[in-house]
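Descriptive structure summary
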Amino acid sequence: MAATTYVGKPTSRVDGRAKVTGEAKYAAEFNTPGLTYGFVLSSAIAKGKIKKIDASQALSLDGVLQVFTHENAPRPSHFDRNFKDQDSVAGSPFKPLYSAEIKFSQQPIGLVVADSFEVARYAASLVKVEYEAEKPETDLRRIPKGHKAPKGKSGFTPPKDRGNADKAFKQADVQFEAEYFHMPEHHNPMEMFATTVIMEEDGKLKIYDKIQGAFNSQEYVTKVFGLSKEEARVISPFVGGGFGSGLRPQYQLYLSVMAALELKRSVRVVLTRQQMFSFGHRPGTLQTVSLGAANDGSLQAIKHEALSETSRFEEYTEVIVNWSGSLYHCDNVKLGYYLRNLDLFTPLDMRAPGAATGILATETAMDELSYKLNIDPLELRLINYAEENEFEGKPFSSKALRECYHQGAEKFGWAKRKPLPRSTREGTKLIGWGVATGMWDAQQQKAAAKANLSIDGKLVVGSGTADIGTGTYTAMTMIAAETLGLPLEDVTFKLGDTTLPQAPLQGGSWTVSSVGTAVKEACEAVGKKLLKLAKKVKDSPLSGASFEDVEFVDGKVQLKGDYASGVSIIDAMRQGEVNFIEEETTSIPNLLKQMKYARNTHSAVFVEVEVDEDLGQICVRRVVSAIAGGRVISPKTAHSQIVGGVVWGISMALHEESVLDHNLGRFMNHSLAEYHVAVNADIHDIEVIFVEEHDDIVNPLGAKGLGEIGIVGVAAAVGNAIYHATGKRVRDFPITLDKLL
């Protein structure tokens, strides 16, 4: 095996040392002489308007430069379209400091800029605000009616019915129907949202922003403030977690750029942990699932309806109910997705948006149906296995879900499961086993990359993508190194900079498939030029070879499988008198090929829980997650991705909820002391199985992406295991002990 063969083999993170030594810098860690600091003043009410705002006391402090409010802030643009970004939804985007109207709790109503952070924060406490408050409406369940979700957001597919589900449900041998609810959740990455705007001598802006796509911030800033791309460079080399919260530019970006342009100074704005609860979140959703089945378990009807929240000013949509039309074979499906406008900020995509919650309801309902039918939950899923994606009416490009069920069940020991609830006990602990299915999209986006090979054999590859901790640096370095047969340490991958070739937002599990394809193609373009040079070397064994005949191994280009035929790439460049080779390519999905197929990842999740019968305490003792995600490029970082998803799934099932005070319209547990997430003590054995899956349709790499699939199905499997342990079904997530006792 060649020393420069990396794809598919465990490789430690190439950026690991930078992260553990502090060498890696984040948005709030870039400094410049004369830097000033902005502190955001947040609204104390959720709905109404500002009657009076008095900043005189704050302005009197030494070191305070300005207090921006709706009364004195510039309005660089009043057009909604200028405030749209690459992830915008239908409606009118929020414009900071635009008017006296208050639309949500903690709305930014001012920015205090001072020569130190401490002065800015103290000065903000001196700003006096008088409000005319109105009663906010933030309770989704108070009026469980909504309106039909509009089209408009990229990636949103309106649900569609097939057959006659109402009739089939009534005629089914067995009917089951239940209502499920989950609370809103907030992204809580370790790195707070921050922007450092450096005003350079020529008046251009160098903007360090926390974002899951530097080009999105650049596009937003240039449109809002009328700047050219040359005047607003955005850099984001490291992101301390995103989970979807960095898909859209947040208001600290607007405020910091506004202040820098007005004051002609460099400005940094960092949000507090409490302010991290003032924008996008996973929306709370109320769902009803109805399943009709024959006595043999075959599904006769599926009905799935969801009511989800959105803001007053935007119509946030996500795919919640459509999964019910794809997961299982059923001729009669009825789906409904509705929104209700509330006095909250617009929700925002959170890991596996829609699937994590929609499949939670579907897979819990399937578990409940299995008990009603007296059929093993895993067997029920196999009885209704979908050979094609019936929602899209297309065959799958590949689908190894059946193997996920089999391999996961074998590893977990599912065959030993006792079917009756409360049938396994260890002292005061009730033991339960649950299973659920997961599904997500496998997408590829347009992306570009540039590769530069220098005569010393060093390769630099760049693309303006992001790495939010997912391992992008590592996976791209592996792809580039293997494509040109170079040692990993001779390859440098650059990202997070708008001076690099354009890449899509890092989201939707499409980064490896999209950017990875572009990186491979850019390196192959370099390789083709290298081959031309190698063929010109005196007595070259490659003189008659085509690009398809050769491979790049251990710093050489050689005939495939013939090490003796190799020509050193350094020698080829030296003799060709070429100091470097640089190629840039743009990779575009082959839509004609892809559109004939449904492209999805799948998973089977098995969970064991123990529940203290006296105290209601729940412990997830074991999880086996079997994943069919196409070709796994970087097994080590992919394993971490899935483990992280499973941990979050456990957290979703048992801990995470953003609690609203409906009188104040405010999320009350807006700190990590009160917003509970799973911690080390909550996590035990997690085993990940990557099921082999070949797919030459999804993209040239055959990789489907693994960012989302790890979480999908986990919360349902936990809930199903809790029912098996205790005999009590909780349909209100998270499942806290008070609901269980």
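Note that the structure is predicted; figures quoted are calculated from it, not measured. (Residues numbered from 1 in each chain as written. Predicted model: local features only at pLDDT ≥ 70, side-chain atom pairs only at ≥ 80, totals over all residues. Heavy atoms only, no water.)

1. Description of unusual backbone geometry
Backbone geometry follows two general trends: most residues other than glycine have a negative phi, and most peptide bonds adopt the trans configuration. What counts is decided by this rule: In this text, helices come from DSSP runs of H or I with a minimum length of four residues, and strands from runs of E with a minimum of two, each type numbered from the N-terminal end. Buried residues are those whose accessible area, probed at 1.4 Å on protein chains only, stays under 20% of the maximum for their type, while exposed residues exceed 50% and partly exposed ones sit between those limits.
Looking along the chain, the bond that leaves Phe733 and enters Pro734 is cis, with omega of 5°. As for its position among the elements, Pro734 is in the loop between strand E34 (732-733) and helix H16 (737-740). Its identity as a non-glycine residue notwithstanding, Leu97 has a phi of 55°, on the positive side. Following the sequence through the fold, Leu97 ends up in the loop between strand E4 (90-91) and strand E5 (101-102). In this structure, Gln106 takes a positive phi of about 65° despite not being glycine. With respect to the helices and strands, the residue Gln106 is situated in the loop between E5 and strand E6 (108-114). Residue classification places Gln106 among the buried positions, given a relative accessible area of 8%.

2. Quick notes on the sheet that holds strand E27 (residues 567-568)
Convention followed: Strand pairing follows a simple DSSP-based rule, namely that at least 2 bridges must link the two strands. Whether two residues are in contact is decided by their heavy atoms: any pair within 4.5 Å suffices. Only the stretch in contact is used when a helix axis is fitted, and all axes are lines through C-alpha atoms; the angle between N-to-C directions ranges over 0 to 180 degrees.
Read from one edge to the other, the open sheet built from three strands follows the order E25-E26-E27, with strand pairing classed as antiparallel. Of all strands in the sheet, those bounded by a partner on one side alone are strand E25 (550-553) and E27. Here two bridges tie strand E26 (residues 556-559) to E27, and the two strands are oriented antiparallel to one another. Looking at E27, one finds that Lys556 is bridged to Ser568. Relative to the sheet, helix H11 (residues 511-536) contacts E25, E26 and E27, its axis offset from that of E25 by approximately 100°.

3. Considering the nonpolar core
In plain terms, the rule: Residue types Ala, Val, Leu, Ile, Met, Phe, Trp, Tyr and Cys, when buried and joined through side-chain atoms within 4.5 Å, form a set referred to as a nonpolar core.
In terms of nonpolar packing, the biggest core is built from 96 residues, with Leu369, Phe606, Val607, Val609 and Val718 touching the most fellow members. The element that contributes the greatest number of residues to this core is helix H7 (residues 355-373), accounting for nine residues. When sequence neighbours within four positions are dropped, the list of residues in contact with Val718 reads Val607, Val609, Val620, Ile650, Ala653 and Leu654. Val7, Ala451, Leu488 and Val550 belong to the second largest nonpolar core, which has 49 residues in total.

Just distances and angles here, no functional claims.
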